Amino acid sequence: MTQSIIVQVGQCGNQVGCRFWDLALREHAHINTKGVYDEALSSFFRNVDTRRSDGENDITSGKIRSLRARAVLIDMEEGVVNEILQGPLRDVFDSTQLVTDVSGSGNNWAVGHKVYGPACRDHVVEKVRRAAEHCDSLQCFFLIHSMGGGTGSGLGTHVLSLLEDEFPEVCRIVTSVYPSAEDDVITSPYNSVLAMRELTEHADCVLPVENQSLVDIINKIQQMAHSGKPSQVIRKESTLISGRGGVGGTEKPFDAMNNIIANLLLNLTSSARFEGSLNMDLNEIAMNLVPFPRLHYLVSSLTPLYTLADVNIPVRRLDQMFTDAFSKDHQLIQADPKHSLYLACALVVRGNVQVSDLRRNIERLKPSLSFVSWNQEGWKTSLCSVPPVGHSHSLLALANNTCVKPTFTELRDRFMKLYRKKAHLHHYLHVGGMEHACFSEAVTSLSSLIEEYDQLESTKSLLWSDAPRLQVAT
Amino acid sequence: MSIVTVQLGQCGNQVGQELFSVLISDSLEAQRQCRGEPGRAYRDCSLERFFREHNEASYARAVLVDMEPKVITHAVATAAKSSTWKYEDGSYFCQKQGSGNNWANGFCVHGPRHEEAVSDLIRRQVERCDRLAGILTMMSVAGGTGSGMGTYITQCLRDSYPHSFILNQLTWPYGTGEVIVQNYNSVLTLSHLYQWSDAILVHENDTVHKICAKLMNIKHISFCDVNKIIAHQLGSMLQPADTVGTLGHYTRNPVGELLKNLVCHSEYKLLSLSTIPQMSSSSLAYSSFTWPGLLKHLRQMLVANARMEEGIDWQVRVPLNGQPALERMAEKTKQGFNKSLANVLILRGKDVSGADPEAFLHPGLYSSWLPAGTAFSTWRSPVPFNGYEKSATLVSNSQSLLKPLDNIVGKAWNMFASKAYVHQYTKFGISEEDFLDSFTALEQVISSYRHL
Ligand SMILES: Nc1nc2c(ncn2[C@@H]2O[C@H](COP(=O)(O)OP(=O)(O)OP(=O)(O)O)[C@@H](O)[C@H]2O)c(=O)[nH]1
Ligand SMILES: Nc1nc2c(ncn2[C@@H]2O[C@H](COP(=O)(O)OP(=O)(O)OP(=O)(O)O)[C@@H](O)[C@H]2O)c(=O)[nH]1
Ligand SMILES: [Mg+2]
Ligand SMILES: [Mg+2]
């Protein structure tokens, strides 16, 4: 089996990361009842002998001694990381995995990217190297960060290109939290657009998540929980919105939202952690879903989200799960994939689901979806036999779909509104290495990305015929 | 003489393991059923061909290759559990990470990097054979390891064993796949293998899946069910049979005989398999068959290009050779006709010497440039195969794979025209020109079969 390392940067990155570690531990505890350190655990956790402190203390088999997350925690202020180190998850991290500073990036991409980036580079490289040395086959980095602040956005994207330089063969999957229109960070459009350019150039895949969508989903779940219909009882131990029952204690403001992102990551990595009849290696995600290098933004949706009572789900309900995955209100960004154009689509299924269920549902849904002419059969599927805790099955749909466009155009509009007025620009321009060109190039990069999706989408309504083929003389 | 099998990637290893299970259980059953000399001769011949006997245990003459460990671990454990046969310790090679569905990764990176280790394992198996009849490689064309690395290893085998027969057994993907780049991977695999392999034996997952559903009556079809069908068909081709007409005298080299009979021109290397009857064991208990009945169905399956006996189009007829009436023949009958270059009919079971394959000798079945007498041969064995009292298998070099091949190439062209996914391949050293060369090679194959 292969291993992956999570690099969590900034407040958002670290808070989301912690929800992931909490839920992952819970998931493994649920399945691994014998307490033996197995391959599944090894993909994201080390097993260490705490009595040795020389760094060579990995125990590769046998009883679980002390689990350490394969993670590097980076923040330029200490608050969030300190809280983690004093919280219930303190034992899964140690000081060799941290890179912190004291003053934060002040919601300024330029400070994160141009100041802390070069300053922390060696330090970060060393920590990541160390984590990589504990892996016998490192397959993937998962970077988690927000787009709107300074550290996650600026330093996070610096770390991304550092990973590319230092580990060119290891795949880089980024989870990026996009600010909502009413975000409290005024400069978030700048930070996001500046970060976007880096993501477009240096990531293998980006999973954008919008805070507004998470809020909508949480609201809807809460509504249902209060409506009290018996068919819509939310199971207590469900990891979807609640941190209770795990090692986590009281809930913090973002916890419910971050749990959803953590679940996205849990499902995404399920096939790498557990067995299944149709495995999907992490390096197959980009291979199958990214037809052009820059167009690597994957819209994700999780089901079931709302109806979580799950005793012996009948076929109808199983099919509903597939239907929901394509509906607007299950997407983790504000997007409607059904009315846009698919370039490719992956269905990552967990639990008691058969190949025949997959085929039936693909056949059923296909007529209502548009696929680009050259990828009419653009489906990638995987089956993992272990369902999430508290569920009998689950589905993560990843869509490379032109429906990401509105998110990007709105972001650009918000950026332009500030940029035309030159609002707050001086905060950026006085940072060494930061020039006007950084802004104009970033927005150009975003515009051309939007243009590329536009062009593909314009083929949607066209009649198409097979590409001309080579004629062979007979 | 013996055959060394190389199983590559998830599919190759899963199908290979099923094949050895069928081979050994059929051989042991043969000895139980046909007491005395015929059963023993059949068993001995089969075991020598596919297994090495050592300390009362049968070891598959196989090398297992994958870039990730899960599948091989499972195959080795399943074989060990059978208590009838096993894989040899140290006959497998695996790494930690798969090729990520990328042919270029398998062919350009993993192939060269592990060539020596894999070649050593194969050489060890070859050296353990008194005489080598040929090498059988098994893999899918849609993934990255089996297809890419399998192609690379085939090329190495061609260099190391220039005079040995190399037969590639390939599994073609479902039309709507589990792998989005499956058509690229297929095109690259087939075009390269065409240069190095002696023959390419194809199983289409869609076809086999249908057999599971329609003939075997399986509700929830798993890969295991599909693989059992493939193994059954392969076994019926590879188990001992008499190729010249003296029953009980088994041919020494089935691969060599097969290729001699079927592949007389390097432009035509695609072989397909049909077997009749195929049914669930519960139905089998209540059925009886006659040779004329079986052969009549099998012949129409060939003529109308049906891979199973259900839903055969009986309207399709053999056109009368060289007669002007051909032009006036109803479109329908002319269209569905599947022309052959060569066929081998393998008959197994009760009263096999009385079976009359005359109808397969019709000259209209074959291309004009090969006389039916040369193009057709019959092999027989009096030993019932794999629980079927009578069974007939047709190995065919015909137009039957033309349509699926044309589909794969067409879809790959569509994708290539927009250059989608090409960067994933150039990253590992496969250029656009390489793609174009592969397209050209396969268009040539398609054209050749079309104008057969
Ligand atoms: N979903 C989610 N969003 C968060 C969380 N914390 C912050 N955000 C969002 O992230 C953006 C602010 O970025 P932060 O991550 O707080 O900033 P940072 O990376 O620590 O950078 P500086 O504080 O500027 O050094 C805003 O859009 C917030 O709404 C969180 O835990 N979950
Ligand atoms: N018939 C059959 N087909 C299979 C089986 N396993 C996989 N396939 C098919 O094989 C193709 C995928 O290729 P794999 O063999 O899984 O890939 P691989 O060679 O292991 O290569 P990578 O995993 O990409 O490194 C798909 O078309 C599947 O339908 C099997 O056991 N039987
Ligand atoms: Mg902060
Ligand atoms: Mg594989």
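Above this text you will find the structure in question.
These numbers come from a predicted model, not from an experiment.

## Details of the overall build of chain A
Right, so step 1: Check the secondary structure of chain A and you find 15 helices and 13 strands.
Right, so step 2: Its C-alpha atoms give chain A principal-axis dimensions of roughly 65 × 60 × 60 Å.
Right, so step 3: Taking the contacts inside chain A whose residues are at least 6 apart along the sequence as the reference set, 82% of them involve residues at least 24 apart.
Right, so step 4: About 18300 Å² of surface is accessible on chain A, with carbon and sulfur atoms providing 51% of the total.
Right, so step 5: Treating the 45 positive side-chain charges of chain A as one cloud and the 54 negative ones as another, the clouds have centres 5 Å apart.

## Digging into the overall build of chain B
Right, so step 1: Looking only at helices and strands, one finds 17 helices and 12 strands in chain B.
Right, so step 2: Taken over the C-alpha trace, chain B has a radius of gyration of 21 Å; the compact-globule value for 452 residues is 22 Å, and the two agree within 12%.
Right, so step 3: Seen along its three principal axes, the alpha-carbon backbone of chain B occupies a region of about 60 × 55 × 45 Å.
Right, so step 4: Within chain B, buried positions represent 63% of all 452 residues.
Right, so step 5: The contacts of chain B with a sequence gap of at least 6 include a subset with a gap of at least 24, amounting to 80%.
Right, so step 6: Of the roughly 16900 Å² of accessible surface on chain B, 50% is carried by carbon and sulfur atoms.
Right, so step 7: Taken together, the 41 basic and 41 acidic charged side chains of chain B have centroids lying 4 Å from each other.

## Concerning the interface of chain A and chain B
Right, so step 1: Taken residue by residue, the interface counts 44 residues in chain A and 41 residues in chain B.
Right, so step 2: Both sides of the chain A and chain B interface together cover about 3700 Å² of buried area, and 51% of this is carbon and sulfur.
Right, so step 3: Of all residues in chain A, M287, R359 and R469 of chain A bury the most surface against chain B, accounting for 21% of the area lost on that side.
Right, so step 4: Along the contact surface separating chain A from chain B lie four salt bridges.
Right, so step 5: Put simply, R469 of chain A and D406 of chain B hold a salt bridge, and the shortest N to O gap is 2.7 Å.
Right, so step 6: Counting the contacts that link chain A with chain B gives 22 residue pairs in polar contact (both at pLDDT 80 or more).

## Regarding the site of ligand 1
All names here are of chain A.
Right, so step 1: If you check the shell around ligand 1, you find 21 residues, and the closest are Q15, T151, G152, D183 and N258.
Right, so step 2: For ligand 1, an oxygen atom lies 2.8 Å from a polar atom in the side chain of S146.
Right, so step 3: In the model, an oxygen atom of ligand 1 is placed 2.6 Å from a nitrogen or oxygen of the G152 main chain.
Right, so step 4: When ligand 1 is considered free in solution it has 640 Å² of accessible area, and contact with the protein chains removes 92% of it.

## A look at the site of ligand 2
Residues and elements named next belong to chain B.
Right, so step 1: Not every one of the 24 residues close to ligand 2 is listed here, only the nearest: Q14, N101, T145, G146 and N227.
Right, so step 2: At 2.7 Å from an oxygen atom of ligand 2 is found a main-chain nitrogen or oxygen belonging to N101.
Right, so step 3: Taking G144, its main chain carries an N or O atom lying 2.8 Å from an oxygen atom of ligand 2.
Right, so step 4: With the chains in place, 95% of the 650 Å² that ligand 2 exposes on its own is no longer accessible.
Right, so step 5: Elements supplying a minimum of two residues to the shell around ligand 2: α1 (9–33), α5 (145–160) and α8 (223–238).
Right, so step 6: Grouping the constituent residues of the shell around ligand 2 by class yields seven nonpolar, 15 polar and two charged.

## Re the sheet that holds strand β8 (residues 205–210) of chain A
All names here are of chain A.
Right, so step 1: Read across the open sheet, the six strands follow the order β5-β4-β1-β6-β7-β8; overall the sheet is parallel. A single partner strand is all that each edge strand has here, and the edge strands are β5 (98–100) and β8. The mean angle between the axes of side-by-side strands here comes to 15°, regardless of whether they run parallel or antiparallel.
Right, so step 2: Relative to strand β6 (residues 138–146), strand β1 (residues 3–9) is paired through six bridges, and the arrangement is parallel. Within β6, the position partnered with I6 by the bridge is F142.
Right, so step 3: Packed on one face of the sheet, helix α6 (residues 188–202) meets β6, β7 (171–178) and β8 and runs near 155° to β7.

## Quick notes on the pattern of salt bridges
Right, so step 1: Per the counting criterion, the structure on display carries 37 salt bridges over all chains.
Right, so step 2: Between E126 of chain A and R130 of chain A there is a salt bridge whose closest N-O contact spans 3.6 Å. Of the two residues, E126 of chain A and R130 of chain A both sit in helix α4 (residues 109–133), four residues apart, roughly one turn of that helix.
Right, so step 3: Take E126 of chain A: its relative accessible area is 39%, and that puts it in the partly exposed class.
Right, so step 4: The class for R130 of chain A is partly exposed, based on a relative accessible area of 35%.
Right, so step 5: Here the residues in one salt-bridge network are R469 of chain A together with D406, E443 and R450 of chain B, joined through shared partners.

## Re the packing of α1 of chain B against α8 of chain B
Residues and elements named next belong to chain B.
Right, so step 1: Running from N to C, α1 and α8 point in directions that differ by 55°, and their axes come no closer than 8 Å. Relative to α8, the element α1 lies oblique. Here the hand of the crossing between α1 and α8 comes out right-handed. Note on element contacts: α8 touches α1 through C224, N227, K228, I230, A231, H232, L234, G235 and L238, opposite Q14, V15, E18, L19, V22 and L23.
Right, so step 2: When grouped by side-chain class, the residues that make up the contact of α1 with α8 number nine nonpolar, four polar and two charged.

How each quantity is defined
Residues numbered from 1 in each chain as written. Chains lettered and ligands numbered in written order. Predicted model: local features only at pLDDT ≥ 70, side-chain atom pairs only at ≥ 80, totals over all residues. Heavy atoms only, no water. Helix = DSSP H or I, 4+ residues; strand = E, 2+ residues; numbered from the N terminus. Contact = heavy atoms within 4.5 Å. Areas by Shrake-Rupley, 256 points an atom, 1.4 Å probe, with all protein chains shown as cover. Lys, Arg positive; Asp, Glu negative; His and termini not counted. Charge placed at Lys NZ, Arg CZ, Asp CG, Glu CD. Rg over C-alpha atoms; globule rule 2.2 N^0.38 Å. Buried < 20%, exposed > 50% of the residue type's maximum accessible area, 1.4 Å probe, protein only. Buried area = accessible area lost by both parts, 1.4 Å probe. Salt bridge = Lys/Arg side-chain N within 4 Å of Asp/Glu carboxyl O. Polar contact = N/O pair within 3.5 Å; in protein donor to acceptor, adjacent residues only side chain to side chain. Near = heavy atom within 4 Å. Nonpolar A, V, L, I, M, F, W, Y, C, P; charged D, E, K, R; others polar. Pairing = 2+ DSSP bridges. Axes fitted to C-alpha atoms, helices over the stretch in contact; angles between N-to-C directions. Parallel < 35°, antiparallel > 145°, perpendicular 65-115°, else oblique. Left-handed = near helix turned anticlockwise from the far one by under 90°.

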